[in-house]
Amino acid sequence: MDIRTVGIIGAGTMGNGIAQACAVAGLKAVMVDIDEAAVARGVATVSGSLDRLVKKDKLTAADKDAALARIQGSTRYEDLQSAQLVIEAATENHALKMKILKQVDSLVAPEVILASNTSSISITKLAAATSRADRFIGMHFFNPVPMMALVEIIRGLATSDATHDAVKALAVSLGKSPITVKNAPGFVVNRILVPMINEAFFVLGEGLATAEDIDAGMKLGCNQPIGPLALADMIGLDVCLAVMEVYLAEYGDSKYRPCPLLREMVAAGRLGRKTGRGVYSY
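None of these values were measured; they are calculated from a predicted model. Residue numbers here run from 1 along each chain, matching the order of that chain's written sequence. Totals for whole chains, interfaces and linings use all residues, but because this is a predicted model, local features are given only for residues with pLDDT of at least 70 and pairs of side-chain atoms are given and counted only at 80 or more. Note that the side-chain values use all heavy atoms of the structure and ignore hydrogens as well as water.

## Regarding the overall build of the protein
Link 1 in the chain: What counts as a helix is a DSSP run of H or I of at least four residues, what counts as a strand is a run of E of at least two, and both are numbered from the N terminus. In terms of helices and strands, the protein carries 11 helices and 8 strands.
Link 2 in the chain: Dimensions along the principal axes, computed over C-alpha positions, put the protein at roughly 55 × 45 × 35 Å.
Link 3 in the chain: Only protein chains enter the accessibility calculation, which uses a 1.4 Å probe. A residue is then buried if its area is under 20% of the maximum for its type, exposed if over 50%, and partly exposed in between. Within the protein, buried positions represent 46% of all 282 residues.
Link 4 in the chain: Restricting to contacts in the protein with at least 6 residues of sequence separation, those with at least 24 account for 65%.
Link 5 in the chain: Reported accessibility uses the Shrake-Rupley method at a 1.4 Å probe radius. Residues are deemed covered only where the shown protein chains occlude them. For the protein, the exposed surface amounts to about 13,200 Å²; the carbon and sulfur share of it is 55%.
Link 6 in the chain: The charge count treats Lys and Arg as positive and Asp and Glu as negative. His and the chain ends do not count. The atom standing in for a charge is NZ when the residue is Lys, CZ when it is Arg, CG when it is Asp and CD when it is Glu. If the 29 positive side-chain charges of the protein are averaged to one point and the 29 negative ones to another, these points end up 1 Å apart. When checking whether two residues touch, look at their non-hydrogen atoms; a contact exists if any pair is within 4.5 Å.

Right, dumping it as structure tokens:
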């Protein structure tokens, strides 16, 4: 399939990042959100991001203007009808995503591919909300989208080879390095990453080392750009806890038991950067 226009549902952090990646690659991006203010914020975020690339000589001013011209902001799902691929990038809420996908499925042509940017929700379950399970797939971009090369491409039970191949080719055309994974809780990256973060909380809770030394050890010993505890603060401790709870429920394996210290910090409202305090103070 020749994908020339990509619809994106959601103008937040992930949605506007996906729109930017598409526009810079020469594709038209239709970015839809619930109100004009949300759309305007999304477009402004893209403009600011492109300005920074211009200042770093990674993009010309003309390229910036051309990319912005390829982004169409809208509050109408009907404007997605020109797209060959629609990516849902709404809040990580199962009921909300199902509602959005049902609505979009009824509006766009049968041959259009639908994708979800979910980081945890079953692609097979989301596909069941549509009439095109064979043309439904997961595209898990990583934040910040314009900078991060990885895209997890997640096949649901009924995802066709043609759908997978078209979406993988698109990811490559965006300058990304896609990996293909099967549908399972956490997929691949978060399945490995979040339990590692959880284990760092166990180490901290047992008093084996300070938070600073734990993070320094992982940065210097494993060549990670950021330590697991600082990363947890960036992600949100509540998000990390919720993911571990999903793993424990879905797999029934005690190795996914959330650390008591992580639970306690979430209960105390110390959620990380977004609240000004998590493992560290901000």
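## Description of the pattern of salt bridges
Link 1 in the chain: When a carboxyl oxygen of Asp or Glu is within 4 Å of a side-chain nitrogen of Lys or Arg, the pair counts as a salt bridge. A full pass over the atoms with the stated rule returns 10 salt bridges.
Link 2 in the chain: By sharing partners, the salt bridges in this structure join Glu88, Glu92 and Lys97 into a single network.

## Re the UniProt feature "binding site: CoA" (unreviewed entry) in the protein
Link 1 in the chain: UniProt positions are given in the numbering used here, feature names are shortened, and annotations may be inferred rather than shown by experiment. On the UniProt side, "binding site: CoA" (unreviewed entry) is annotated at positions that read Ser49, Lys56 and Ser119 here. Of the residues just listed, which span 71 residues, the most distant C-alpha pair is 30.8 Å apart, and they do not cluster in one region.
Link 2 in the chain: Position of lysine 56 among the secondary structure elements: in the loop between helix H2 (36-55) and helix H3 (61-69).
Link 3 in the chain: Given a relative accessible area of 55%, lysine 56 falls into the exposed group.
Link 4 in the chain: Structurally, the position occupied by serine 119 is in the loop between strand S5 (113-116) and helix H5 (123-127).
Link 5 in the chain: In contact with serine 119, not counting residues within four places along its chain, are Glu92, His140, Gly186, Phe187 and Asn190.

## Here we look at the environment of methionine 244
Link 1 in the chain: Along the chain, the position of methionine 244 falls in helix H10 (residues 237-251).
Link 2 in the chain: For methionine 244, a relative accessible area of 0% puts it in the buried group.
Link 3 in the chain: Linking methionine 244 and arginine 257, residues 13 residues apart in sequence, is a C-alpha distance of 6.9 Å.
Link 4 in the chain: When sequence neighbours within four positions are dropped, the list of residues in contact with methionine 244 reads Val194, Pro195, Asn198, Tyr256, Arg257 and Pro258.

## Quick word on the pairing of S5
Link 1 in the chain: In S5, alternate side chains face the same way, and those of Ile113 and Ala115 on one face and Leu114 and Ser116 on the other are all buried.
Link 2 in the chain: Each pair of strands is called paired provided DSSP finds at least two bridges between the two strands. Summarising the sheet, strand S4 (residues 85-88) and S5 pair through 4 bridges and their orientation is parallel. In the strand pairing of S5, isoleucine 87 is matched with alanine 115.
Link 3 in the chain: Taken together, S4, helix H4 (residues 94-107) and S5 form a β-α-β motif whose crossover is right-handed.
Link 4 in the chain: Inspection of the sheet shows S5 paired to strand S6 (residues 136-141) by 3 bridges, in the parallel sense. By convention, orient the strands away from the viewer: a clockwise path from the first strand over the helix to the second makes the crossover right-handed.

## Here's the deal with the packing of helix H8 (residues 211-222) against helix H9 (residues 228-235)
Link 1 in the chain: Packing of H8 against H9 brings their axes to within 7 Å, and their N-to-C directions diverge by 105 degrees. Here H8 is positioned roughly perpendicular relative to H9, judged by the angle of their axes. For the pair formed by H8 and H9, the contact residues are Ala211, Ile214, Asp215 and Met218 on the first element and Pro228, Leu229 and Ala230 on the second.
Link 2 in the chain: The classification used treats Ala, Val, Leu, Ile, Met, Phe, Trp, Tyr, Cys and Pro as nonpolar, Asp, Glu, Lys and Arg as charged, and all other residues, Gly among them, as polar. Class assignment of the residues belonging to the contact of H8 with H9 gives a composition of 6 nonpolar, no polar and 1 charged. Axis lines are fitted through C-alpha atoms, for helices just across the contact stretch, and the angle between N-to-C directions can take any value from 0 to 180 degrees. Throughout this description, any angle smaller than 35 degrees is read as roughly parallel, any larger than 145 degrees as roughly antiparallel, any in the 65 to 115 degree range as roughly perpendicular, and the remainder as oblique.

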